[in-house]
Amino acid sequence: MIDHLGFVIDWYLLGPFDAPGYSGFRTTFPPEREVNLQAEYSGQNGAAIRWKRHATTDPLGQLNLIDAIARTREAVGYAYTELLSVDERMVEVRCGADDNLTVWLNGRQVFAREQWLNGTRLDRFVAPVTLRKGRNTLLVKICQGPQHVDPQVPNNWSLQLRICGTDGLGAKLKSALPV
């Protein structure tokens, strides 16, 4: 299912960065200027954070950032991957996140949506993009807002992203992440 639909499951993750209130979406953090998988940053509450490799095992590629990064509120996390394409071609990045997200392909922002207190849904957002032949980089910023006013509402933090043709079939890309 993962390959057939083109879910991206192999990532480097970084976070959480401190983002009080609803400030995370509009705040620029270091990975947006340069992705350095060896760097160490000052994260939420001054904690040292580093990129860490993570592959989700969810059958529909959903990445639970609470488990993979941290249980937190008012924060920002990043997911980064590199993918190999056999040729240059038009595809779609289909994604969803809880809460909101921004996507860069090969250093160029291709999607951004500020929408707080929403859940991850399959193919909620679609962005047409062009993959280049060879290595393509993908950076995703995922914001986590404050706790909902109703304490019974869970404060999820997740990402689901796939790359496919307009027909919805996976683009058959290979992970090219460095070890």
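Draft legend 1. Quick look at the sheet that holds strand S12 (residues 158-164). Pairing is antiparallel in the open sheet, where 4 strands are placed in the order S5-S12-S7-S10. At either end of the open sheet lies a strand with only one pairing partner, and these are strand S5 (63-64) and strand S10 (125-131). Across 7 bridges, strand S7 (residues 89-98) lies against S10 in antiparallel orientation. Of the residues in S10, the one forming a bridge with Cys95 is Phe125.

Draft legend 2. Layout of the layout of surface pockets. Volume-wise, the largest pocket comes out at about 310 Å³. Surrounding the largest pocket, 15 residues form its lining, Asp3, Phe7, Leu173, Lys174 and Ser175 being those nearest its centre. At the level of secondary structure, the elements contributing two or more residues to the lining of the largest pocket comprise helix H1 (2-5), strand S6 (75-85) and strand S13 (174-175). In the lining of the largest pocket, the residues fall into 8 nonpolar, 3 polar and 4 charged.

Draft legend 3. Just the packing of aromatic side chains, in detail. Per the counting criterion, the structure on display carries 5 aromatic pairs. Between the aromatic rings of Phe17 and Tyr78, the centroid separation amounts to 6.0 Å while the plane-to-plane angle is 85°, which identifies the pairing as edge-to-face. One end of the pair, Phe17, is in strand S1 (residues 10-18); the other, Tyr78, is in strand S6, and 61 residues separate them in sequence. Across this residue pair, the class does not change: Phe17 and Tyr78 are buried. An aromatic cluster of three or more residues is present, and its members are Phe17, Phe29, Tyr41 and Tyr78. The aromatic ring of Phe7 is capped on one face by Arg162, whose charged end is 6.0 Å from the ring centroid.

Draft legend 4. Representation of the nonpolar core. Trp11, Leu101, Val103, Val140, Leu159, Leu161 and Ile163 are the most contacted members of the largest nonpolar core, which has 31 residues in total. In this view, Trp11 contacts Lys52, Arg53, His54, Leu63, Ala79, Tyr80, Thr81, Leu138, Val140, Leu159, Leu161 and Leu177; residues no more than four positions away in its chain are not counted. By size, the runner-up hydrophobic cluster in this structure holds 19 residues, among which are Phe25, Tyr41, Tyr80 and Trp104.

Draft legend 5. The arrangement of the pairing of strand S11 (residues 134-144) in detail. The element S11 is extensively covered by neighbouring structure, given that 9 of its 11 residues are classed as buried. In terms of strand pairing, S6 meets S11 through 11 bridges, oriented antiparallel. Among the inter-strand pairings, Glu82 is bridged to a residue of S11, identified as Thr137. Pairing of strand S8 (residues 101-105) with S11, which is carried by 5 bridges, proceeds in the antiparallel orientation. Its bridge partner lying in S11, Thr102 is registered against Lys141.

Draft legend 6. Spotlight on the environment of Gly15. Position of Gly15 among the secondary structure elements: in strand S1. By relative accessible area, which is 13% here, Gly15 ends up buried. As for Gly15 and Ser42, which are separated by 27 residues in sequence, their C-alpha atoms are 9.3 Å apart. Gly15 has contacts with Ile49, Ile69, Val76 and Gly77, leaving out every residue within four places of it along the chain.

About the cut-offs
Residues numbered from 1 in each chain as written. Predicted model: local features only at pLDDT ≥ 70, side-chain atom pairs only at ≥ 80, totals over all residues. Heavy atoms only, no water. Pairing = 2+ DSSP bridges. Helix = DSSP H or I, 4+ residues; strand = E, 2+ residues; numbered from the N terminus. 1 Å grid on protein atoms, 1.4 Å probe; cavity = no way out; pocket = protein on both sides within 12 Å on 5 of 7 lines; lining within 4 Å. Points joined across faces, edges and corners; volume = space filled by probe spheres on them. Nonpolar A, V, L, I, M, F, W, Y, C, P; charged D, E, K, R; others polar. Phe/Tyr/Trp six-rings, centres within 6.5 Å; stacked < 30°, edge-to-face > 60°. Buried < 20%, exposed > 50% of the residue type's maximum accessible area, 1.4 Å probe, protein only. Lys NZ or Arg CZ within 6 Å of the ring centre and 35° of its normal. Core = buried A, V, L, I, M, F, W, Y, C linked by side-chain atoms within 4.5 Å. Contact = heavy atoms within 4.5 Å.

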